[in-house]
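Spelled out from the first residue to the last, the chains are:
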Amino acid sequence: IRQSGSVAGSPAKGLGYHPCGMSFLAIDIGNTRLKWALYAHPQPGAALVAHGAVFLETIDDLAEKEWAALPTPHSMLGCCVAGEGVKRRVDEQLE
């Protein structure tokens, strides 16, 4: 999901601090909604810490609303089928 310097799997910025530093953020950007889940560890069966879904019209508020209290994930992976414009808007929320 990251295009400017970072790649999927690198830490996301701007989501807060996590003392263990091992959490994993998964993001799925579809044509109408963005779904996300934060897991305690980047492995199958890891505990779900937080999750949510928002319509694409509201993704510009993710950093100030849904993601404001989340700890910074150690790693992340994203999938986007919505196009470059939407991908850039989500990227801005991760900075």
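As the structure is a prediction and not an experimental result, all values here were calculated from the model.

A. Quick look at the overall build of the protein chain. A tally of regular secondary structure across the protein chain gives one helix and four strands. The linear arrangement of helices and strands in the protein chain, starting from the amino end, is β-β-β-β-α. For the protein chain, the proportion of its 95 residues judged to be buried stands at 37%. Once local pairs closer than 6 in sequence are excluded, the contacts in the protein chain between residues at least 24 apart make up 64%. Here the protein chain displays about 5200 Å² of accessible surface, and carbon together with sulfur accounts for 56% of that area.

B. Structural view of the packing of aromatic side chains. For the structure on display, the rule yields one aromatic pair. Ring centres of Trp36 and Trp67 lie 6.3 Å apart, and the angle between their planes is 90°; this geometry places the pair in the edge-to-face category. Of this pair, Trp36 sits in strand S2 (residues 33-39) while Trp67 sits in the loop between strand S3 (48-55) and strand S4 (75-80), and the two are 31 residues apart along the sequence. Since its relative accessible area comes to 7%, Trp36 is described here as buried.

C. Representation of the pattern of salt bridges. One pass over the full model with this rule turns up four salt bridges. Across the pair Asp28 and Lys35 runs a salt bridge, and its minimum N-O distance is 4.0 Å. Residue Asp28 is classed as partly exposed on the basis of its relative accessible area, which comes to 35%. For Lys35, a relative accessible area of 26% gives the class partly exposed. We note a salt bridge from Arg89 to Asp60, for which the minimum N-O separation is 3.0 Å. Here Arg89 is found in helix H1 (residues 84-94), whereas its partner Asp60 is found in the loop between S3 and S4, with 29 residues between them in sequence. Assessed through its relative accessible area of 26%, Arg89 is described here as partly exposed. In this structure Asp60 comes out as partly exposed when scored by relative accessible area, which is 37%.

D. A look at the side chain of Ser23. Position of Ser23 relative to the elements: it lies in the segment before strand S1 (24-29). A relative accessible area of 1% means that Ser23 is categorised as buried. Here the side chain of Ser23 touches Thr72 through a polar contact of 3.4 Å, landing on its backbone oxygen.

Rules of the game
- Residues numbered from 1 in each chain as written.
- Predicted model: local features only at pLDDT ≥ 70, side-chain atom pairs only at ≥ 80, totals over all residues.
- Heavy atoms only, no water.
- Helix = DSSP H or I, 4+ residues; strand = E, 2+ residues; numbered from the N terminus.
- Buried < 20%, exposed > 50% of the residue type's maximum accessible area, 1.4 Å probe, protein only.
- Contact = heavy atoms within 4.5 Å.
- Areas by Shrake-Rupley, 256 points an atom, 1.4 Å probe, with all protein chains shown as cover.
- Phe/Tyr/Trp six-rings, centres within 6.5 Å; stacked < 30°, edge-to-face > 60°.
- Salt bridge = Lys/Arg side-chain N within 4 Å of Asp/Glu carboxyl O.
- Polar contact = N/O pair within 3.5 Å; in protein donor to acceptor, adjacent residues only side chain to side chain.

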